Amino acid sequence: MDLLKPLGGEQCVAYVRTRIHSKQAQAARLEIGSDDGVKVWLNGKLVHAHNIARPLQPGSDKIDVSFEAGWNELLLKVTQNNLGWEFCVRMLQPDGSHLEGLQFAAGDGAR
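The paragraphs below set out a description of the structure included in this document. This is a predicted model, so every value here is computed, not measured. (Residues numbered from 1 in each chain as written. Predicted model: local features only at pLDDT ≥ 70, side-chain atom pairs only at ≥ 80, totals over all residues. Heavy atoms only, no water.)

**Let's talk about the sheet that holds strand β1 (residues 12–22)**
Here's step 1: As summarised here, the arrangement of the five strands in space is β4-β3-β6-β1-β8, forming an open sheet in which the pairing is antiparallel. The strands lining the two open edges of the sheet, one partner per strand, are β4 (45–50) and β8 (102–105). Within the sheet, the average angular offset between the axes of one strand and its neighbour, ignoring direction, is 25 degrees.
Here's step 2: Inspection of the sheet shows β1 paired to β8 by four bridges, in the antiparallel sense. Note that in β8 the partner of Arg19 across the bridge is Ala105. (Pairing = 2+ DSSP bridges. Helix = DSSP H or I, 4+ residues; strand = E, 2+ residues; numbered from the N terminus. Axes fitted to C-alpha atoms, helices over the stretch in contact; angles between N-to-C directions.)

**Some details on the environment of Asn81**
Here's step 1: Structurally, Asn81 is set in the loop between β6 (70–80) and β7 (86–92).
Here's step 2: Among the residues examined, Asn81 registers a relative accessible area of 29% and is labelled partly exposed.
Here's step 3: When near neighbours in sequence (up to four residues on either side) are disregarded, Asn81 contacts Glu10, Gln11, Asp36 and Ala53.
Here's step 4: Looking at Asn81, its side chain comes within polar contact range of the side chain of Gln11, at 2.7 Å. (Buried < 20%, exposed > 50% of the residue type's maximum accessible area, 1.4 Å probe, protein only. Contact = heavy atoms within 4.5 Å. Polar contact = N/O pair within 3.5 Å; in protein donor to acceptor, adjacent residues only side chain to side chain.)

**Overview of the pairing of β6**
Here's step 1: Two elements, β1 and β6, share eleven bridges in a ladder whose sense is antiparallel. When the sheet's bridge partners are listed, Val13 is paired in β6 with Thr79.
Here's step 2: Bridging between strand β3 (residues 38–42) and β6 involves five bridges; their strand directions are antiparallel. Looking at β6, one finds that Lys39 is bridged to Lys77.

**What to know about the packing of aromatic side chains**
Here's step 1: Scanning the entire structure with this criterion turns up one aromatic pair.
Here's step 2: The interplanar angle of 35 degrees and the centroid separation of 6.5 Å between the aromatic rings of Tyr15 and Trp41 together place this pair among those described as tilted. Of this pair, Tyr15 sits in strand β1 while Trp41 sits in strand β3, and the two are 26 residues apart along the sequence. (Phe/Tyr/Trp six-rings, centres within 6.5 Å; stacked < 30°, edge-to-face > 60°.)

That's the geometry; what it means functionally is another story.
This is the structure we're talking about:
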(Lines give C-alpha, C1' and ligand atoms only; values in the text may rest on other atoms or scores of the structure.)
Protein backbone atom coordinates (compact mmCIF):
# COMPACT_ATOMS: atom_id res chain seq x y z
CA MET A 1 0.00 0.00 0.00
CA ASP A 2 1.44 3.35 -1.07
CA LEU A 3 0.89 5.88 1.73
CA LEU A 4 2.61 8.77 -0.02
CA LYS A 5 -0.15 9.28 -2.60
CA PRO A 6 -3.07 9.81 -0.19
CA LEU A 7 -1.14 11.26 2.77
CA GLY A 8 2.00 12.95 1.38
CA GLY A 9 4.65 14.53 3.57
CA GLU A 10 8.03 13.70 5.04
CA GLN A 11 9.20 12.96 8.58
CA CYS A 12 5.79 11.68 9.70
CA VAL A 13 3.95 8.47 10.65
CA ALA A 14 0.73 6.70 9.70
CA TYR A 15 -1.23 4.07 11.58
CA VAL A 16 -2.95 1.34 9.58
CA ARG A 17 -5.45 -1.09 11.09
CA THR A 18 -7.31 -4.16 9.94
CA ARG A 19 -9.17 -7.00 11.61
CA ILE A 20 -8.45 -10.63 10.82
CA HIS A 21 -10.90 -13.43 11.56
CA SER A 22 -9.46 -16.87 12.23
CA LYS A 23 -11.78 -19.87 12.65
CA GLN A 24 -9.47 -21.28 15.31
CA ALA A 25 -6.49 -20.25 17.41
CA GLN A 26 -3.41 -20.83 15.29
CA ALA A 27 0.23 -19.93 14.88
CA ALA A 28 1.16 -17.80 11.88
CA ARG A 29 4.01 -15.83 10.37
CA LEU A 30 3.66 -12.20 9.33
CA GLU A 31 6.00 -11.16 6.56
CA ILE A 32 6.21 -7.38 6.42
CA GLY A 33 7.94 -4.97 4.12
CA SER A 34 8.05 -1.26 4.91
CA ASP A 35 9.50 1.99 3.65
CA ASP A 36 10.69 3.12 6.20
CA GLY A 37 10.35 1.83 9.80
CA VAL A 38 7.49 -0.22 11.22
CA LYS A 39 5.92 -1.23 14.54
CA VAL A 40 3.34 -4.01 14.72
CA TRP A 41 0.71 -4.73 17.37
CA LEU A 42 -1.52 -7.80 17.37
CA ASN A 43 -4.51 -7.65 19.71
CA GLY A 44 -2.96 -4.72 21.56
CA LYS A 45 0.39 -6.41 22.15
CA LEU A 46 3.56 -5.05 20.51
CA VAL A 47 4.96 -7.98 18.50
CA HIS A 48 7.58 -6.22 16.36
CA ALA A 49 9.49 -2.94 16.05
CA HIS A 50 12.09 -2.04 13.45
CA ASN A 51 13.17 1.60 13.31
CA ILE A 52 15.04 1.86 10.02
CA ALA A 53 15.36 3.92 6.84
CA ARG A 54 14.94 1.53 3.90
CA PRO A 55 13.11 1.00 0.62
CA LEU A 56 10.19 -1.41 0.44
CA GLN A 57 11.26 -5.05 0.17
CA PRO A 58 8.39 -7.53 0.67
CA GLY A 59 9.09 -9.97 3.49
CA SER A 60 11.99 -7.98 5.00
CA ASP A 61 10.70 -8.67 8.51
CA LYS A 62 9.33 -12.06 9.56
CA ILE A 63 7.37 -12.25 12.82
CA ASP A 64 5.94 -15.37 14.46
CA VAL A 65 2.51 -14.62 15.95
CA SER A 66 -0.56 -16.44 17.22
CA PHE A 67 -4.06 -15.60 16.05
CA GLU A 68 -6.87 -16.10 18.53
CA ALA A 69 -10.09 -17.79 17.44
CA GLY A 70 -12.44 -15.06 16.20
CA TRP A 71 -11.49 -11.47 15.38
CA ASN A 72 -7.90 -10.27 15.81
CA GLU A 73 -6.80 -6.63 15.45
CA LEU A 74 -3.59 -5.89 13.53
CA LEU A 75 -2.19 -2.35 13.88
CA LEU A 76 0.88 -1.04 12.05
CA LYS A 77 2.78 2.20 12.56
CA VAL A 78 4.74 3.04 9.41
CA THR A 79 7.27 5.87 9.59
CA GLN A 80 8.19 8.19 6.74
CA ASN A 81 11.73 9.54 6.49
CA ASN A 82 11.90 10.77 2.88
CA LEU A 83 11.18 9.59 -0.66
CA GLY A 84 8.92 6.47 -0.68
CA TRP A 85 6.37 5.59 2.02
CA GLU A 86 4.68 2.22 1.71
CA PHE A 87 4.19 -1.19 3.29
CA CYS A 88 3.00 -4.71 2.55
CA VAL A 89 1.94 -7.60 4.82
CA ARG A 90 1.57 -11.29 4.07
CA MET A 91 0.18 -13.91 6.46
CA LEU A 92 1.53 -17.44 6.19
CA GLN A 93 1.82 -20.70 8.09
CA PRO A 94 4.85 -20.73 10.44
CA ASP A 95 6.73 -22.84 7.85
CA GLY A 96 6.07 -20.22 5.14
CA SER A 97 3.33 -22.14 3.32
CA HIS A 98 -0.08 -20.72 2.40
CA LEU A 99 -2.46 -19.94 5.28
CA GLU A 100 -6.13 -20.74 4.55
CA GLY A 101 -9.38 -19.58 6.08
CA LEU A 102 -8.73 -15.98 7.15
CA GLN A 103 -11.23 -13.16 6.66
CA PHE A 104 -10.41 -9.44 6.77
CA ALA A 105 -12.39 -6.35 7.72
CA ALA A 106 -11.13 -2.76 7.89
CA GLY A 107 -14.22 -1.17 9.48
CA ASP A 108 -15.57 -1.27 13.01
CA GLY A 109 -18.40 -3.64 12.09
CA ALA A 110 -16.29 -6.80 12.52
CA ARG A 111 -16.49 -7.33 16.24
